[in-house]
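Summary of the model geometry
Chain by chain, the residues:
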Amino acid sequence: MLLGAKSAAVDWLVVGLGNPGAKYEHTRHNMGFLTVDLLAEQAGVKLNKVKFKSAYNIIPFAGSKCLVMKPQTYMNLSGEAVREAVQFYKIPADHVLVIYDDIDIPQGTVRIRPNGSAGTHNGMRSIVAETGTEDFPRIRVGVGQRGLGWNLADWVLSHYQTAEEQEIAERAYEQAADAVFAALADLMAEGDHLRVPGLGVFDTVRRAPRTARNPRTGEPMTYPACKVPTFKPGKPLKDAIR
């Protein structure tokens, strides 16, 4: 289990799942990598340190330190990297946020949950097996169900075939990066549950929503009828929820 008092060195662990190497760049299975690369860029840092079988760096956020990592173990052994980091810093399960691709939700959807099973995702299965718990928050980025005639492995390791698919994917991991900071801001404020602005589908919010427009893209978004802390992750995000 991910137990123990938090270390002063790192307060949160943010894990983007994927496979290392040029062969796998921008494939469906690398949505976690793409998301944490983007949020690191937005925070003005590079994930260029090596430890815990990962590429990582520490991002200051709202007075806390977040270790953002990309396991280099290949997807199916991602749990080894997560286990090493949480054991070293004694990070509790509810302070570990994992971002990964999901074939069971529509392409482009961002879905946020406080816990749950690993489903069919081998990277998540590895994390659950290595840490002994399912009780950690996660952000799932939809890549759509496999096409006709595709086996599962080939589908998730494939690249997007059309410009429209690529645009949907880019919008999804942009929203997922925003969702990471919004989720952390809310978890820090509430400490017991996710209450995240509507960047996709709300699995845990039980409040009357309101509709507004994304200030960057102009697209309609759904927000819960509650206040969410304003935040500035190093370099201010234009999409900071107010």
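In short, a report on the structure.

Regarding the packing of aromatic side chains
Evaluation of the coordinates by the stated rule reveals six aromatic pairs. With a centroid separation of 6.0 Å and an interplanar angle of 55 degrees, the aromatic rings of Phe52 and Tyr56 are classed as tilted. By the burial criterion, Phe52 is buried, and Tyr56 matches it. Above the ring of Phe33, the side-chain terminus of Lys70 is found at 5.0 Å from the ring centroid. The ring of Phe136 carries the charged tip of Arg138 above its face, separated from the ring centre by 4.6 Å.

Things to note about the layout of surface pockets
Of the volumes computed, that of the largest pocket is approximately 410 Å³. The wall of the largest pocket is formed by 23 residues, among which His29, Asp101, Thr120, His121 and Asn122 lie closest to the centre. Among the elements of the structure, β5 (96-102), β7 (138-142) and α4 (152-156) are those that each provide at least two residues to the lining of the largest pocket. Considered class by class, the residues forming the lining of the largest pocket number nine nonpolar, eight polar and six charged.

Some words on the environment of Asn115
Take Asn115: it is sitting in the loop between β6 (110-113) and α3 (122-131). Apart from the residues lying within four places of it in its own chain, the contact partners of Asn115 are Glu134, Asp135, Phe136 and Arg138.

Quick notes on the packing of helix α2 (residues 78-89) against α3
It is the contact of α2 with α3, at a shortest axis distance of 7 Å, that shows an interaxial angle of 40 degrees. In terms of their interaxial angle, α2 and α3 are classed as oblique. For the pair α2 and α3, the sense of crossing is right-handed. Here Ser78, Gly79, Glu80, Val82 and Arg83 of α2 lie close against α3, whose contacting residues are Gly123, Ser126, Ile127, Glu130 and Thr131. Split into classes, the residues belonging to the contact of α2 with α3 amount to two nonpolar, five polar and three charged.

Some remarks on the pairing of β7
Most of β7 sits inside the fold, with five of its five residues counted as buried. Taking every second residue as pointing to the same face, both faces of β7 are buried, with Arg138, Arg140 and Gly142 on one and Ile139 and Val141 on the other. Where β5 lies against β7, five bridges are found, and the strand directions are parallel. Its bridge partner being in β7, Asp102 is matched across the sheet by Gly142.

About the criteria used
- Residues numbered from 1 in each chain as written.
- Predicted model: local features only at pLDDT ≥ 70, side-chain atom pairs only at ≥ 80, totals over all residues.
- Heavy atoms only, no water.
- Phe/Tyr/Trp six-rings, centres within 6.5 Å; stacked < 30°, edge-to-face > 60°.
- Buried < 20%, exposed > 50% of the residue type's maximum accessible area, 1.4 Å probe, protein only.
- Lys NZ or Arg CZ within 6 Å of the ring centre and 35° of its normal.
- 1 Å grid on protein atoms, 1.4 Å probe; cavity = no way out; pocket = protein on both sides within 12 Å on 5 of 7 lines; lining within 4 Å.
- Points joined across faces, edges and corners; volume = space filled by probe spheres on them.
- Helix = DSSP H or I, 4+ residues; strand = E, 2+ residues; numbered from the N terminus.
- Nonpolar A, V, L, I, M, F, W, Y, C, P; charged D, E, K, R; others polar.
- Contact = heavy atoms within 4.5 Å.
- Axes fitted to C-alpha atoms, helices over the stretch in contact; angles between N-to-C directions.
- Parallel < 35°, antiparallel > 145°, perpendicular 65-115°, else oblique.
- Left-handed = near helix turned anticlockwise from the far one by under 90°.
- Pairing = 2+ DSSP bridges.

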